[in-house]
Amino acid sequence: MTTRTGATALARLGFAARGVVYVIVGWFAIDAAFRGGKVGDNQGAIASLVDEPFGEILLGVMAAGLAGYALWRLTEAVTDPEARGGTAKGAFRRAGHAVSGIAHVILAWTAARLALHAGKAAGGRAGGEDSAQDWTAWLLGQPLGQILVGLVACALLAAAVQQATKAWTGKFVRDLSPGTPVPDHVCTIGRIGYGARALVFTLIALFFAAAAYASDADEAGGMAQALGTLQRQSGGQLLLGLTGLGLIAFGAYSFVEARWRRISVDLPG
């Protein structure tokens, strides 16, 4: 197996791992909506696998897949295989790939650490809320820290708009390999999934905007806080349950991408 072929296989495994994570997060949300449990985020979803049968092996596979996905995204950001970096839109896409790559490096590290029993999230559902606040506090401590956190909020809002656009247009199916059969129900599942992500990203962007405005890292939060906010609204049970279904839909579409996504790996050097 060539290096490029191996990297492509890991990227596909990464899509599958991402699918598992989102299915678990969505299930946590539905469980919280109808049984009053705690919501979780991506890191909490990974931590929930620790006590499952063959948990160490599963976490090791998840770590490899998420690392492969991160490598693919970071490679796209550096090498620009689709030659889109010459425009403002292309530069934005490359920046988004870099952010996604870094986020999945963190998730891969979380899975690897848990696989080696180096740590364990309390209750299986805790996640990245504390770490989000920690690095927000670090950003606020830098020169022009409020502006930096504000830029994070803007980036998250832009990501939310991108997710919403995908949900509205359904153009994400163009990223699948040419000739891939895409039944209407598969496209619908993807649109529901992207719509749910758009909602969650919007709420997270608002948290960071509040943290920037108040210069208070405690205002920042991640996916678990976003889902918890939905839970506390009027009609929150239904709203959280529907969002959970949407996140499961995104996980399901990730499995489709694991099999049929068009992946270009152009490793530097």
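Keep in mind the model is a prediction, meaning the values are calculated, not measured. (Residues numbered from 1 in each chain as written. Predicted model: local features only at pLDDT ≥ 70, side-chain atom pairs only at ≥ 80, totals over all residues. Heavy atoms only, no water.)

Here's the deal with a nonpolar patch on the surface
Line of reasoning, step 1. Where nonpolar side chains cluster on the molecular surface, the patch consists of Leu144, Ile147, Leu148 and Leu151 and spans about 390 Å² of accessible area.
Line of reasoning, step 2. Along the chain, the position of Leu151 falls in helix α6 (residues 145-169).
Line of reasoning, step 3. For Leu151, a relative accessible area of 51% gives the class exposed. (Patch = residues over 30% accessible without salt bridge, like charges linked within 9 Å, V, L, I, M, F, W, Y side chains within 5 Å. Areas by Shrake-Rupley, 256 points an atom, 1.4 Å probe, with all protein chains shown as cover. Salt bridge = Lys/Arg side-chain N within 4 Å of Asp/Glu carboxyl O. Helix = DSSP H or I, 4+ residues; strand = E, 2+ residues; numbered from the N terminus. Buried < 20%, exposed > 50% of the residue type's maximum accessible area, 1.4 Å probe, protein only.)

Examining the pattern of salt bridges
Line of reasoning, step 1. Inspection of the entire model under this criterion finds 5 salt bridges.
Line of reasoning, step 2. Put simply, Glu257 and Arg261 hold a salt bridge, and the shortest N to O gap is 2.8 Å. The burial state of Glu257 is the same as that of Arg261; both residues are buried.
Line of reasoning, step 3. Several salt bridges converge on common partners, so that one network encompasses Arg18, Asp175, Glu257 and Arg261.

A closer look at the nonpolar core
Line of reasoning, step 1. If you look at the biggest cluster of nonpolar residues, it comprises 54 residues, and the most contacted ones within it are Ile46, Leu59 and Leu227.
Line of reasoning, step 2. Per-element tally for this core: the top contributor is helix α7 (residues 184-214), with 11 residues.
Line of reasoning, step 3. Apart from residues lying up to four places away in sequence, Leu227 is in contact with Val25, Ala29, Val39, Gly40, Val200, Leu240, Thr243 and Leu247.
Line of reasoning, step 4. Ala11, Tyr69, Trp72 and Ile263 belong to the second-largest nonpolar core, a separate cluster that totals 6 residues. (Core = buried A, V, L, I, M, F, W, Y, C linked by side-chain atoms within 4.5 Å. Contact = heavy atoms within 4.5 Å.)

Some remarks on the packing of aromatic side chains
Two numbers describe a pair of aromatic rings. These are the distance of the centres and the angle of the planes.
Line of reasoning, step 1. The tally for this structure, following the rule as stated, stands at 9 aromatic pairs.
Line of reasoning, step 2. Ring-pair connections join several aromatic residues into one group, and the members of that group are Tyr22, Phe172, Tyr194, Phe250 and Tyr253. (Phe/Tyr/Trp six-rings, centres within 6.5 Å; stacked < 30°, edge-to-face > 60°.)

Quick notes on helix α8 (residues 223-231)
Think of an α-helix as 3.6 residues a turn; residues three or four steps apart then line up on the same face.
Line of reasoning, step 1. Burial runs high along α8: 7 of the 9 residues are buried.
Line of reasoning, step 2. Of all the positions in α8, only Met223, Ala224, Ala226, Leu227, Gly228, Thr229 and Leu230 are classed as buried.

Describing the packing of α8 against helix α9 (residues 236-260)
Line of reasoning, step 1. Axis separation between α8 and α9 bottoms out at 7 Å; the angle between their running directions is 145 degrees. Residues Leu227, Leu230 and Gln231 of α8 form the contact with α9, whose participating residues are Gly236, Leu239, Leu240, Thr243 and Leu247.
Line of reasoning, step 2. Classifying every residue of the contact of α8 with α9 gives 5 nonpolar, 3 polar and no charged. (Axes fitted to C-alpha atoms, helices over the stretch in contact; angles between N-to-C directions. Nonpolar A, V, L, I, M, F, W, Y, C, P; charged D, E, K, R; others polar.)

With respect to the confidence of the model for the chain
In low-pLDDT segments, the atomic positions of the prediction should not be examined closely.
Line of reasoning, step 1. Across the chain, pLDDT averages 85, with 88% of residues at or above 70.
Line of reasoning, step 2. This stretch, residues 119-126, has a pLDDT under 50; its non-local contacts, to residues over four places away or in other chains, come to 24 contacts. (pLDDT = per-residue confidence, 0-100.)

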